[in-house]
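Given next are the chains, with one letter for each unit.
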Amino acid sequence: MDWGNVTAEDLVDALREVDWSSPPRPLSEFFSRFTVPKSFAKWDSRLKCNLYYYRTNYFIMIVFILGLGFLTRPLAILSAFLTAVTVAFLNDSFAGSFSEKATRTIRRFSPQLAAKMRPPLAPVIRGRPSAKRAIYICGQPRWVFVLISSLVSFALWYISCGLFTVSLALLIGLLATILHATLRTPNLKARLNTFREEFRAVWRNYSEI
């Protein structure tokens, strides 16, 4: 994958669709080799590659820094959890997995309710399922869950009065992420991994046709 030709929108789409359940990279690899990019093009390519490859490490690092800011704001922990769930719902893989597990759990107690939580059938165009499918969570459009969790988390942020503290911690976490992604030299393993993820995406789209 040539990261120099990947736009920011493509990167966001890739992060939204990729499976985030993969374990983080080892610390020995995460803090292995750092160099300064020699040009803007190299910096742009390196930044996108590292953000994709070390996505789980960056997520854990940001959560850890936020956790330090929560020490003085206990209620903000619940607010941050709901905010993280809101962001996670935007990922197709997480939303589908959450909906499937929730429906499976409810089926044990109420099969009738679980049947109502099934997503509607995907539209069929010329004998083939539509490539762009709407994401449903427990039978409801995804935006319903995102809106509800966003409103609840915003209310808790307001009540906890920890928005400034958490915003500062989040800013530090994002700056640390950008700094690491800028200086961490992509290795051959990272490049091969992106090629493998790209192949899986292409194969998945092919198998759905």
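Residues numbered from 1 in each chain as written. Predicted model: local features only at pLDDT ≥ 70, side-chain atom pairs only at ≥ 80, totals over all residues. Heavy atoms only, no water.

An unreviewed UniProt entry annotates the chain as PRA1 family protein of Brassica napus. Its UniProt record gives the chain the following Function (unreviewed entry) comment, quoted word for word: "May be involved in both secretory and endocytic intracellular trafficking in the endosomal/prevacuolar compartments." (UniProt positions renumbered as here; feature names shortened; annotations may be inferred.)

**So, the pattern of salt bridges**
Under the counting rule described, the total for this entry stands at three salt bridges. Aspartate 44 is paired through a salt bridge with lysine 48; the nearest N and O atoms lie 2.9 Å apart. Here lysine 48 and aspartate 44 lie together in helix H3 (residues 40–53), a separation of four residues that amounts to about one turn. You can call aspartate 44 buried: its relative accessible area is 18%. With its nearest N and O atoms 2.6 Å apart, the salt bridge here joins arginine 104 to glutamate 100. Placement of both arginine 104 and glutamate 100 in helix H6 (residues 92–107) is noted, with a separation of four residues, approximately one turn of the helix. (Salt bridge = Lys/Arg side-chain N within 4 Å of Asp/Glu carboxyl O. Helix = DSSP H or I, 4+ residues; strand = E, 2+ residues; numbered from the N terminus. Buried < 20%, exposed > 50% of the residue type's maximum accessible area, 1.4 Å probe, protein only.)

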